[in-house]
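Chain residues, written in single-letter form:
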Amino acid sequence: MEVKLGGKVLPIPILQGGMGIGVSLECLAGAVAACGGMGTLSAAFCGFREADFRNNSREANLRALARQVRRAKEIAGGAGLVAVNVMVAAAQYADSVRTALRAGADAVVCGAGLPKDLPALAAEVPESGAALAPVVSGGRSAALICKLWDRRYGRIPDFMILEGPLAGGHLGFSPEEAREAQAGRPKPLSGLLREVLEGLGPFREKYGRDVPVFVAGGVKNGGEMRNYMNEGAAGAQFATRFIATEECDAGPGFQRALLSARAEDVVIVQSPVGMPGRALKSPLIQRVEAGTQPGVGHCDRCLAACNPKTAPYCISKALIAAVEGDWENGLFFCGANVGEVNALSTVRAQMDQILNEWRAAP
(Lines give C-alpha, C1' and ligand atoms only; values in the text may rest on other atoms or scores of the structure.)
Protein backbone atom coordinates (compact mmCIF):
# COMPACT_ATOMS: atom_id res chain seq x y z
CA MET A 1 0.00 0.00 0.00
CA GLU A 2 2.95 2.35 0.41
CA VAL A 3 3.15 5.43 -1.79
CA LYS A 4 6.30 7.28 -2.81
CA LEU A 5 6.03 11.05 -2.36
CA GLY A 6 9.17 12.56 -3.77
CA GLY A 7 11.97 11.31 -1.53
CA LYS A 8 9.53 10.21 1.17
CA VAL A 9 7.57 6.98 1.52
CA LEU A 10 4.06 6.91 3.02
CA PRO A 11 3.35 3.40 4.39
CA ILE A 12 -0.45 3.73 4.44
CA PRO A 13 -2.23 5.98 1.86
CA ILE A 14 -4.42 7.73 4.43
CA LEU A 15 -4.00 11.46 5.00
CA GLN A 16 -5.48 13.41 7.88
CA GLY A 17 -6.49 16.84 6.65
CA GLY A 18 -5.09 19.95 8.28
CA MET A 19 -7.70 21.71 10.40
CA GLY A 20 -7.26 25.12 11.95
CA ILE A 21 -7.24 26.97 14.14
CA GLY A 22 -5.85 24.49 16.67
CA VAL A 23 -7.89 21.42 15.69
CA SER A 24 -4.99 19.45 14.21
CA LEU A 25 -1.73 20.19 15.95
CA GLU A 26 1.01 17.89 17.25
CA CYS A 27 -1.17 15.42 19.14
CA LEU A 28 -3.54 14.52 16.31
CA ALA A 29 -0.95 14.72 13.53
CA GLY A 30 1.56 12.71 15.51
CA ALA A 31 -0.98 10.01 16.34
CA VAL A 32 -2.02 9.57 12.69
CA ALA A 33 1.61 9.40 11.60
CA ALA A 34 2.34 6.86 14.35
CA CYS A 35 -0.23 4.60 12.64
CA GLY A 36 1.60 4.85 9.32
CA GLY A 37 -0.51 7.59 7.72
CA MET A 38 0.22 11.25 7.09
CA GLY A 39 -0.74 13.46 10.00
CA THR A 40 -1.12 17.12 9.16
CA LEU A 41 -0.71 20.11 11.45
CA SER A 42 -2.42 23.37 10.56
CA ALA A 43 -0.10 26.38 10.65
CA ALA A 44 -3.04 28.79 10.93
CA PHE A 45 -2.52 30.89 14.08
CA CYS A 46 -1.06 27.78 15.74
CA GLY A 47 0.54 29.88 18.49
CA PHE A 48 -2.77 31.10 19.89
CA ARG A 49 -2.04 29.45 23.24
CA GLU A 50 1.39 31.09 23.61
CA ALA A 51 1.67 33.56 26.50
CA ASP A 52 2.72 36.43 24.22
CA PHE A 53 0.29 35.66 21.40
CA ARG A 54 -1.90 38.73 21.82
CA ASN A 55 1.01 41.18 21.64
CA ASN A 56 3.41 39.19 19.50
CA SER A 57 1.30 36.85 17.40
CA ARG A 58 3.69 36.46 14.48
CA GLU A 59 6.64 35.27 16.52
CA ALA A 60 4.36 33.21 18.76
CA ASN A 61 2.95 31.37 15.75
CA LEU A 62 6.35 30.49 14.28
CA ARG A 63 7.78 29.46 17.64
CA ALA A 64 4.80 27.22 18.32
CA LEU A 65 4.85 25.73 14.81
CA ALA A 66 8.48 24.65 15.10
CA ARG A 67 7.84 23.06 18.49
CA GLN A 68 4.66 21.33 17.30
CA VAL A 69 6.35 19.82 14.24
CA ARG A 70 9.18 18.43 16.34
CA ARG A 71 6.76 17.02 18.92
CA ALA A 72 4.55 15.43 16.24
CA LYS A 73 7.62 13.73 14.78
CA GLU A 74 8.49 12.39 18.22
CA ILE A 75 4.99 10.97 18.65
CA ALA A 76 5.12 9.47 15.15
CA GLY A 77 8.31 7.61 15.95
CA GLY A 78 9.24 7.35 12.29
CA ALA A 79 6.24 5.18 11.41
CA GLY A 80 4.47 7.58 9.02
CA LEU A 81 4.85 11.16 7.82
CA VAL A 82 4.17 14.53 9.44
CA ALA A 83 2.96 17.34 7.18
CA VAL A 84 2.11 20.99 7.71
CA ASN A 85 -0.80 22.68 5.95
CA VAL A 86 -0.15 26.33 5.16
CA MET A 87 -2.74 28.62 3.59
CA VAL A 88 -1.39 30.65 0.68
CA ALA A 89 -3.80 33.41 1.75
CA ALA A 90 -2.14 33.69 5.18
CA ALA A 91 0.03 36.73 5.84
CA GLN A 92 2.67 34.41 7.35
CA TYR A 93 2.54 31.95 4.46
CA ALA A 94 6.22 32.17 3.46
CA ASP A 95 7.58 32.27 7.01
CA SER A 96 5.39 29.35 8.02
CA VAL A 97 6.66 27.24 5.13
CA ARG A 98 10.28 28.03 6.02
CA THR A 99 9.66 27.26 9.70
CA ALA A 100 7.94 23.96 8.95
CA LEU A 101 10.81 22.85 6.71
CA ARG A 102 13.51 23.84 9.19
CA ALA A 103 11.68 22.00 11.97
CA GLY A 104 11.75 18.77 9.95
CA ALA A 105 8.28 18.47 8.43
CA ASP A 106 8.10 15.57 5.96
CA ALA A 107 5.71 17.45 3.68
CA VAL A 108 4.21 20.89 3.14
CA VAL A 109 0.66 21.09 1.81
CA CYS A 110 -0.69 24.42 0.58
CA GLY A 111 -4.26 25.42 -0.17
CA ALA A 112 -6.48 28.54 -0.10
CA GLY A 113 -4.71 29.74 -3.24
CA LEU A 114 -2.13 28.37 -5.65
CA PRO A 115 1.36 28.06 -4.10
CA LYS A 116 3.21 29.43 -7.11
CA ASP A 117 6.44 30.05 -5.21
CA LEU A 118 6.49 26.98 -2.93
CA PRO A 119 9.50 25.38 -4.69
CA ALA A 120 11.49 28.60 -4.25
CA LEU A 121 10.72 28.65 -0.53
CA ALA A 122 11.72 24.99 -0.22
CA ALA A 123 14.98 25.72 -2.01
CA GLU A 124 15.91 28.01 0.89
CA VAL A 125 16.00 24.90 3.12
CA PRO A 126 17.60 22.33 0.77
CA GLU A 127 18.47 19.93 3.58
CA SER A 128 14.77 19.39 4.31
CA GLY A 129 13.89 17.12 1.40
CA ALA A 130 10.21 17.57 2.24
CA ALA A 131 7.53 16.59 -0.25
CA LEU A 132 5.59 19.55 -1.68
CA ALA A 133 1.89 19.41 -2.52
CA PRO A 134 -0.81 21.84 -3.62
CA VAL A 135 -4.49 21.40 -2.84
CA VAL A 136 -6.48 21.58 -6.08
CA SER A 137 -10.17 21.56 -6.97
CA GLY A 138 -9.98 20.18 -10.51
CA GLY A 139 -7.94 19.45 -13.60
CA ARG A 140 -7.41 23.07 -14.60
CA SER A 141 -5.78 24.09 -11.31
CA ALA A 142 -3.71 20.87 -11.28
CA ALA A 143 -2.36 21.51 -14.77
CA LEU A 144 -1.79 25.21 -14.04
CA ILE A 145 0.38 24.63 -10.98
CA CYS A 146 2.38 21.96 -12.84
CA LYS A 147 2.92 24.32 -15.76
CA LEU A 148 4.09 27.11 -13.46
CA TRP A 149 6.46 24.92 -11.46
CA ASP A 150 7.80 23.25 -14.59
CA ARG A 151 8.53 26.56 -16.30
CA ARG A 152 9.94 28.41 -13.30
CA TYR A 153 11.65 25.70 -11.28
CA GLY A 154 12.05 22.65 -13.49
CA ARG A 155 9.99 20.44 -11.20
CA ILE A 156 6.43 19.33 -10.50
CA PRO A 157 4.58 18.57 -7.24
CA ASP A 158 5.50 15.44 -5.30
CA PHE A 159 1.79 14.75 -4.78
CA MET A 160 -1.56 16.52 -4.91
CA ILE A 161 -4.71 16.65 -2.83
CA LEU A 162 -7.92 16.91 -4.81
CA GLU A 163 -10.51 18.49 -2.53
CA GLY A 164 -14.11 18.15 -3.72
CA PRO A 165 -17.13 20.35 -2.92
CA LEU A 166 -18.22 18.31 0.12
CA ALA A 167 -15.15 19.25 2.17
CA GLY A 168 -15.22 21.29 5.34
CA GLY A 169 -13.64 24.69 5.83
CA HIS A 170 -12.71 26.88 2.88
CA LEU A 171 -13.75 25.56 -0.51
CA GLY A 172 -12.37 25.95 -4.01
CA PHE A 173 -15.88 26.04 -5.46
CA SER A 174 -18.59 28.66 -5.82
CA PRO A 175 -21.27 28.92 -3.11
CA GLU A 176 -23.79 27.56 -5.61
CA GLU A 177 -21.64 24.50 -6.36
CA ALA A 178 -21.11 23.92 -2.65
CA ARG A 179 -24.84 24.19 -1.92
CA GLU A 180 -25.70 21.82 -4.75
CA ALA A 181 -23.20 19.36 -3.35
CA GLN A 182 -24.79 19.73 0.08
CA ALA A 183 -28.18 18.98 -1.45
CA GLY A 184 -26.90 15.76 -2.96
CA ARG A 185 -26.12 17.09 -6.43
CA PRO A 186 -22.32 17.31 -6.33
CA LYS A 187 -20.02 17.31 -9.29
CA PRO A 188 -18.83 13.73 -8.80
CA LEU A 189 -15.42 13.41 -7.21
CA SER A 190 -14.74 10.65 -9.73
CA GLY A 191 -15.16 13.15 -12.57
CA LEU A 192 -12.85 15.65 -10.88
CA LEU A 193 -10.28 12.92 -10.32
CA ARG A 194 -10.40 11.97 -13.97
CA GLU A 195 -9.85 15.63 -14.93
CA VAL A 196 -6.86 15.93 -12.61
CA LEU A 197 -5.26 12.71 -13.84
CA GLU A 198 -5.68 13.86 -17.44
CA GLY A 199 -4.20 17.27 -16.61
CA LEU A 200 -1.19 15.62 -14.97
CA GLY A 201 -0.57 13.25 -17.88
CA PRO A 202 1.85 15.38 -19.93
CA PHE A 203 3.90 16.28 -16.85
CA ARG A 204 4.11 12.69 -15.64
CA GLU A 205 5.39 11.75 -19.08
CA LYS A 206 7.91 14.59 -19.19
CA TYR A 207 9.38 13.86 -15.75
CA GLY A 208 9.04 10.10 -15.96
CA ARG A 209 7.36 9.73 -12.60
CA ASP A 210 3.99 9.64 -10.94
CA VAL A 211 2.26 12.51 -9.13
CA PRO A 212 0.09 10.67 -6.60
CA VAL A 213 -3.35 12.22 -6.17
CA PHE A 214 -5.25 11.87 -2.89
CA VAL A 215 -9.00 12.53 -2.97
CA ALA A 216 -10.63 14.53 -0.20
CA GLY A 217 -13.94 16.11 0.66
CA GLY A 218 -16.83 13.75 1.32
CA VAL A 219 -14.92 10.46 1.25
CA LYS A 220 -17.02 8.59 3.80
CA ASN A 221 -15.06 5.42 4.46
CA GLY A 222 -12.41 2.97 3.38
CA GLY A 223 -14.74 1.39 0.86
CA GLU A 224 -15.10 4.68 -1.01
CA MET A 225 -11.35 5.19 -0.73
CA ARG A 226 -10.81 1.85 -2.47
CA ASN A 227 -13.23 2.80 -5.25
CA TYR A 228 -11.32 6.01 -5.89
CA MET A 229 -8.03 4.11 -5.82
CA ASN A 230 -9.43 1.78 -8.47
CA GLU A 231 -10.07 4.93 -10.52
CA GLY A 232 -6.48 6.11 -10.20
CA ALA A 233 -6.23 7.86 -6.82
CA ALA A 234 -3.26 7.04 -4.61
CA GLY A 235 -5.38 7.19 -1.45
CA ALA A 236 -7.71 9.49 0.43
CA GLN A 237 -7.71 12.30 2.95
CA PHE A 238 -10.09 12.33 5.91
CA ALA A 239 -10.59 15.19 8.36
CA THR A 240 -13.90 15.56 10.22
CA ARG A 241 -13.92 11.98 11.49
CA PHE A 242 -10.54 12.58 13.20
CA ILE A 243 -12.01 15.44 15.25
CA ALA A 244 -13.97 12.86 17.23
CA THR A 245 -10.85 11.20 18.61
CA GLU A 246 -9.18 11.36 21.99
CA GLU A 247 -5.98 12.63 20.38
CA CYS A 248 -7.59 15.59 18.62
CA ASP A 249 -6.12 18.92 19.70
CA ALA A 250 -9.54 20.63 19.80
CA GLY A 251 -11.25 21.06 23.14
CA PRO A 252 -14.16 18.85 24.29
CA GLY A 253 -16.67 21.64 23.57
CA PHE A 254 -15.71 21.60 19.90
CA GLN A 255 -16.03 17.83 19.81
CA ARG A 256 -19.44 17.88 21.49
CA ALA A 257 -20.72 20.39 18.92
CA LEU A 258 -19.71 18.12 16.05
CA LEU A 259 -20.85 14.89 17.67
CA SER A 260 -24.34 16.34 18.20
CA ALA A 261 -24.58 17.86 14.71
CA ARG A 262 -27.07 16.64 12.12
CA ALA A 263 -26.90 17.01 8.37
CA GLU A 264 -29.38 19.89 8.45
CA ASP A 265 -27.13 21.84 10.84
CA VAL A 266 -24.46 22.28 8.14
CA VAL A 267 -24.50 25.45 6.03
CA ILE A 268 -22.41 27.19 3.40
CA VAL A 269 -20.98 30.44 4.74
CA GLN A 270 -19.10 33.31 3.15
CA SER A 271 -15.75 33.60 4.87
CA PRO A 272 -14.10 36.98 5.51
CA VAL A 273 -11.27 35.55 3.38
CA GLY A 274 -13.57 35.92 0.37
CA MET A 275 -14.14 32.20 -0.12
CA PRO A 276 -17.18 30.06 0.64
CA GLY A 277 -16.84 27.56 3.46
CA ARG A 278 -18.80 24.77 5.15
CA ALA A 279 -19.59 25.04 8.84
CA LEU A 280 -22.21 24.41 11.49
CA LYS A 281 -24.96 27.00 11.80
CA SER A 282 -23.80 28.36 15.12
CA PRO A 283 -25.17 31.52 16.78
CA LEU A 284 -22.30 33.46 15.18
CA ILE A 285 -23.47 32.46 11.70
CA GLN A 286 -27.06 33.27 12.61
CA ARG A 287 -26.04 36.77 13.76
CA VAL A 288 -24.06 37.32 10.56
CA GLU A 289 -27.07 36.29 8.48
CA ALA A 290 -29.31 38.62 10.52
CA GLY A 291 -26.87 41.52 10.23
CA THR A 292 -26.49 41.83 14.02
CA GLN A 293 -22.90 40.60 14.42
CA PRO A 294 -20.57 43.34 15.81
CA GLY A 295 -17.68 44.47 13.62
CA VAL A 296 -14.15 43.14 13.67
CA GLY A 297 -12.52 45.60 16.05
CA HIS A 298 -8.85 44.78 16.65
CA CYS A 299 -7.23 43.13 13.60
CA ASP A 300 -3.93 41.20 13.45
CA ARG A 301 -3.96 41.18 9.61
CA CYS A 302 -3.46 37.42 9.63
CA LEU A 303 -4.97 36.98 6.15
CA ALA A 304 -3.84 39.00 3.17
CA ALA A 305 -7.29 38.97 1.56
CA CYS A 306 -9.26 40.02 4.64
CA ASN A 307 -10.39 43.64 4.98
CA PRO A 308 -11.31 44.41 8.61
CA LYS A 309 -13.45 47.36 7.49
CA THR A 310 -15.82 45.16 5.51
CA ALA A 311 -15.42 41.72 7.13
CA PRO A 312 -18.55 40.67 9.06
CA TYR A 313 -16.43 39.10 11.80
CA CYS A 314 -12.83 38.18 12.62
CA ILE A 315 -12.34 34.65 11.35
CA SER A 316 -9.31 33.98 13.55
CA LYS A 317 -11.15 34.95 16.73
CA ALA A 318 -14.15 32.90 15.63
CA LEU A 319 -12.04 29.80 14.95
CA ILE A 320 -10.20 30.15 18.25
CA ALA A 321 -13.54 30.50 20.03
CA ALA A 322 -14.70 27.29 18.33
CA VAL A 323 -11.66 25.22 19.25
CA GLU A 324 -12.13 26.37 22.84
CA GLY A 325 -15.76 25.25 22.77
CA ASP A 326 -17.47 28.67 22.68
CA TRP A 327 -20.69 27.77 20.83
CA GLU A 328 -22.04 31.33 20.89
CA ASN A 329 -19.05 32.94 19.20
CA GLY A 330 -17.30 30.14 17.36
CA LEU A 331 -17.00 29.25 13.69
CA PHE A 332 -17.21 25.44 13.59
CA PHE A 333 -15.87 24.26 10.23
CA CYS A 334 -16.85 20.70 9.30
CA GLY A 335 -17.34 18.38 6.35
CA ALA A 336 -20.71 17.63 4.77
CA ASN A 337 -20.85 14.19 6.39
CA VAL A 338 -20.46 15.43 9.96
CA GLY A 339 -23.90 14.02 10.81
CA GLU A 340 -22.47 10.52 10.47
CA VAL A 341 -19.80 11.16 13.13
CA ASN A 342 -21.54 10.52 16.44
CA ALA A 343 -19.15 8.76 18.81
CA LEU A 344 -15.78 9.57 20.36
CA SER A 345 -13.04 7.18 19.28
CA THR A 346 -9.26 7.02 18.94
CA VAL A 347 -6.97 7.61 16.00
CA ARG A 348 -5.92 3.97 16.01
CA ALA A 349 -9.56 2.82 15.90
CA GLN A 350 -10.32 5.21 13.04
CA MET A 351 -7.31 4.10 11.03
CA ASP A 352 -8.13 0.43 11.60
CA GLN A 353 -11.75 0.99 10.61
CA ILE A 354 -10.80 2.72 7.35
CA LEU A 355 -8.33 -0.05 6.48
CA ASN A 356 -10.83 -2.80 7.33
CA GLU A 357 -13.43 -1.12 5.12
CA TRP A 358 -10.83 -0.83 2.38
CA ARG A 359 -10.00 -4.54 2.60
CA ALA A 360 -13.67 -5.56 2.61
CA ALA A 361 -14.59 -3.48 -0.45
CA PRO A 362 -15.02 -5.35 -3.74
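Rules and cut-offs
Residues numbered from 1 in each chain as written. Predicted model: local features only at pLDDT ≥ 70, side-chain atom pairs only at ≥ 80, totals over all residues. Heavy atoms only, no water. Helix = DSSP H or I, 4+ residues; strand = E, 2+ residues; numbered from the N terminus. Rg over C-alpha atoms; globule rule 2.2 N^0.38 Å. Buried < 20%, exposed > 50% of the residue type's maximum accessible area, 1.4 Å probe, protein only. Contact = heavy atoms within 4.5 Å. Areas by Shrake-Rupley, 256 points an atom, 1.4 Å probe, with all protein chains shown as cover. Lys, Arg positive; Asp, Glu negative; His and termini not counted. Charge placed at Lys NZ, Arg CZ, Asp CG, Glu CD. Phe/Tyr/Trp six-rings, centres within 6.5 Å; stacked < 30°, edge-to-face > 60°. Pairing = 2+ DSSP bridges. Axes fitted to C-alpha atoms, helices over the stretch in contact; angles between N-to-C directions. Parallel < 35°, antiparallel > 145°, perpendicular 65-115°, else oblique. Left-handed = near helix turned anticlockwise from the far one by under 90°. Nonpolar A, V, L, I, M, F, W, Y, C, P; charged D, E, K, R; others polar. Salt bridge = Lys/Arg side-chain N within 4 Å of Asp/Glu carboxyl O.

Quick notes on the overall build of the chain
What the chain contains, in helices and strands, is 13 helices and 13 strands. In terms of C-alpha radius of gyration, the chain reaches 19 Å, essentially the compact-globule figure of 21 Å for 362 residues. Each principal axis of the C-alpha atoms in the chain carries an extent, and together these give about 55 × 45 × 35 Å. A total of 362 residues make up the chain; the buried ones form 57% of that total. The contacts of the chain with a sequence gap of at least 6 include a subset with a gap of at least 24, amounting to 68%. Summed over its atoms, the accessible surface of the chain is roughly 14500 Å², and 49% of this surface lies on carbon and sulfur atoms. In the chain, 38 side chains carry a positive charge and 36 a negative one; their mean positions are 4 Å apart.

Notes on the packing of aromatic side chains
Under the criterion given, the structure shown has four aromatic pairs. An angle of 85° between the planes, with centres 5.1 Å apart, marks the rings of Phe45 and Phe53 as edge-to-face. With relative accessibility at 9%, the residue Phe45 sits in the buried group. Between Phe159 and Phe214, the aromatic rings sit 5.9 Å apart at their centres with planes inclined by 85°, giving edge-to-face as the arrangement. Taken together, the positions of Phe159 in the loop between α5 (139-153) and β8 (160-163) and Phe214 in strand β10 (residues 213-216) put the pair 55 residues apart, joining distant regions of the chain. Accessibility expressed as a relative area gives 0% for Phe159, which makes it buried. For Phe214, a relative accessible area of 0% puts it in the buried group.

Here we look at the pairing of strand β12 (residues 266-270)
On a regular strand, one side chain projects to one face of the sheet and the next to the other, so that they alternate. Counting buried residues in β12 gives four out of five residues, a clear majority hidden from the surface. Across five bridges, β12 lies against strand β13 (residues 276-280) in antiparallel orientation. Pairing of Val266 across the sheet is with Leu280, part of β13. Hairpin connection of β12 to β13: five residues between the antiparallel strands, including Gly274 at a positive phi of 100°.

Quick notes on the packing of helix α1 (residues 26-34) against helix α13 (residues 347-360)
Orientation of α1 relative to α13, taken along the N-to-C sense of each, is 45°, at an axis distance of 9 Å. With respect to α13, the axis of α1 lies oblique. Crossing of α1 against α13: the hand is right-handed. Counted together, Leu28, Ala31, Val32 and Ala34 of α1 and Val347, Arg348 and Met351 of α13 form the full contact between these two elements. Looking at side-chain class alone, the contact of α1 with α13 contains six nonpolar, no polar and one charged residues.

Let's talk about the sheet that holds β13
Spatial ordering of the open sheet is given by β9-β13-β12, a layout of three strands whose pairing is antiparallel. The two strands at the open ends of the sheet, each matched to only one other strand, are β9 (169-170) and β12. Lying on the sheet, helix α6 (residues 175-182) is in contact with β12 and β13; it crosses β12 at an angle near 175°.

As for the pattern of salt bridges
Under the definition given, this model contains 17 salt bridges. Linking Asp106 and Lys8 is a salt bridge whose minimum nitrogen-to-oxygen distance equals 3.5 Å. Here Lys8 lies in strand β2 (residues 8-10) and Asp106 lies in the loop between α3 (93-103) and β6 (107-111), a separation of 98 residues in the sequence. With respect to class, Asp106 is no different from Lys8; both count as buried. A salt bridge links Lys73 to Asp106, with the shortest nitrogen-to-oxygen separation between them at 3.0 Å. Here the residue Lys73 occupies a position in helix α2 (residues 57-76), and Asp106 occupies one in the loop between α3 and β6, the gap between them amounting to 33 residues. Since its relative accessible area comes to 5%, Asp106 is described here as buried. Through salt bridges with shared partners, one network takes in Glu50, Asp52, Arg63 and Arg67.

Quick notes on unusual backbone geometry
Put simply, Gly20 and Ile21 share a cis peptide bond, and its omega is 5°. Considering the arrangement of structural elements, one finds Ile21 in the loop between β3 (14-16) and α1. Not every positive phi belongs to a glycine, and Phe45 is a case in point at roughly 45°. Here Phe45 shows up in the loop between β4 (38-42) and α2. One non-glycine residue with positive phi stands out, namely Ala112, at about 55°. By the element assignment, Ala112 lies in the loop between β6 and α4 (118-123).

A closer look at the side chain of Gln16
Structurally, the position occupied by Gln16 is in strand β3. Judged by its relative accessible area of 0%, Gln16 is buried. For Gln16, the contacting residues outside a window of four places in its chain are Ser24, Leu28, Ala29, Val32, Met38, Gly39, Thr40, Gln237, Phe238 and Phe242.

Some remarks on the packing of helix α8 (residues 222-230) against α13
It is the contact of α8 with α13, at a shortest axis distance of 7 Å, that shows an interaxial angle of 55°. Taken together, α8 and α13 sit at an angle that is classed as oblique. Here α8 runs over α13; the crossing is right-handed. Two secondary-structure elements touch here, α8 through Gly222, Gly223, Met225, Arg226 and Met229 and α13 through Ile354, Glu357, Trp358 and Arg359.

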